[in-house]
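Structural overview
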Amino acid sequence: MPRMIEGTLSAEGKRFGIIVARFNDFISDRLLGGALDALMRSGAADENIEVAKVPGAFEIPLIADKMAKSGKYDALICLGAVIRGSTPHFDYVCAEASKGIAHVSLGAGIPVMFGILTTDTIEQAIERAGTKAGNKGWDVAMGAIEMVNLAEQFK
Ligand SMILES: Nc1c(NC[C@H](O)[C@H](O)[C@H](O)CO)[nH]c(=O)[nH]c1=O
Ligand SMILES: CC(=O)[C@@H](O)COP(=O)(O)O
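A few points on the structure. (Residues numbered from 1 in each chain as written. Chains lettered and ligands numbered in written order. Predicted model: local features only at pLDDT ≥ 70, side-chain atom pairs only at ≥ 80, totals over all residues. Heavy atoms only, no water.)

1. Focus on a nonpolar patch on the surface
Formally: A patch is a set of surface residues, each over 30% in relative accessible area and not in a salt bridge, joined within 9 Å for like charges and within 5 Å for the nonpolar side chains Val, Leu, Ile, Met, Phe, Trp and Tyr. Areas reported here follow the Shrake-Rupley algorithm with a probe of radius 1.4 Å; residue values treat only the protein chains shown as occluding. Salt bridge, as used here, is a side-chain nitrogen of Lys or Arg placed within 4 Å of a carboxyl oxygen of Asp or Glu. Helix numbering and strand numbering both begin at the N terminus, where a helix is a DSSP run of H or I of at least 4 residues and a strand a DSSP run of E of at least 2. Buried means the residue's accessible area, taken with a 1.4 Å probe over protein chains only, is under 20% of the maximum for its type, while exposed means over 50%, and partly exposed covers the values in between.
On the surface, F26, I122 and I126 cluster together to form a nonpolar patch covering roughly 240 Å² of accessible area. By the element assignment, I126 lies in helix α4 (residues 122-127). According to the relative accessible area criterion, I126 is partly exposed, its value standing at 36%.

Here you go:
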């Protein structure tokens, strides 16, 4: 049987930074609530979680980069909701937010989780922020915990 290297789901003693876009905050606030619930139920202490709010998803990569370089966090969680409007703006915001977060993640040396909804409709966003499709904030927070504990095994 091959050796399985896995990350546990304990957040005890781990430090998390969360970057949340205020745009569509009726959705992103619910993603934040799901992420905080996941972290604290998994043992993260209040004092080990910091939340930074930015105007929109486009601004997330810059603050994620600064938080990553601060050395204060074991993982970062990026949250937002980009909902398609009637112009191509949606495509640019989604592309730059995802590209920027991926760039930060590769250079950070810590997990940087992509928790930005990119939906065609408000209903799709609502479904993924704590209703019938779950809460993507919770999902990426649990992923952050697993990644922190997995990464520790390669130090
Ligand atoms: N339309 C959405 C935006 N747009 C705003 C941009 O993210 C950015 O803040 C602005 O272009 C100034 O640089 N942001 C979202 O998070 N969600 C949207 O649906
Ligand atoms: C994703 C967006 O930027 C969007 O909310 C903008 O809406 P519109 O394309 O109608 O200006």
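Let us keep going from here.
2. Examining the sheet that holds strand β2 (residues 49-54)
As a reminder, the rule being used: At least two DSSP bridges between two strands are needed for those strands to be called paired. Convention adopted: a line fitted to C-alpha atoms gives each axis, helices being fitted over their contacting stretch, and angles between N-to-C directions are expressed from 0 to 180 degrees.
The strand order β2-β1-β3-β4 describes an open sheet built from four strands, whose pairing is parallel. Each of the sheet's edge strands pairs with one partner strand only, and the pair in question is β2 and β4 (112-119). Each adjacent strand pair in this sheet contributes to an overall mean axis angle of 15°, direction not counted. Alignment of strand β1 (residues 16-21) against β2, held across six bridges, turns out to be parallel.

3. Details of the environment of Q124
Note that Q124 resides in helix α4. Look at Q124 and you get partly exposed, because its relative accessible area is 28%.

4. Some thoughts on the packing of helix α1 (residues 25-41) against helix α5 (residues 136-152)
Definition in use: A crossing counts as left-handed when the near helix is turned anticlockwise from the far one by less than a right angle, and as right-handed when that turn is clockwise. Two residues form a contact once any of their heavy atoms are found within 4.5 Å. Throughout this entry, Asp, Glu, Lys and Arg are counted as charged residues, while Ala, Val, Leu, Ile, Met, Phe, Trp, Tyr, Cys and Pro are counted as nonpolar. The remaining residues, Gly among them, count as polar.
At a minimum axis separation of 6 Å, α1 and α5 run at an interaxial angle of 35°. For α1 against α5, the interelement crossing comes out right-handed. In this structure, α1 contributes L31, G34, A35, D37, A38, L39 and R41 to the contact, and α5 contributes K136, G137, W138, A141, M142 and I145. Taken together, the residues that form the contact of α1 with α5 break down as eight nonpolar, two polar and three charged.

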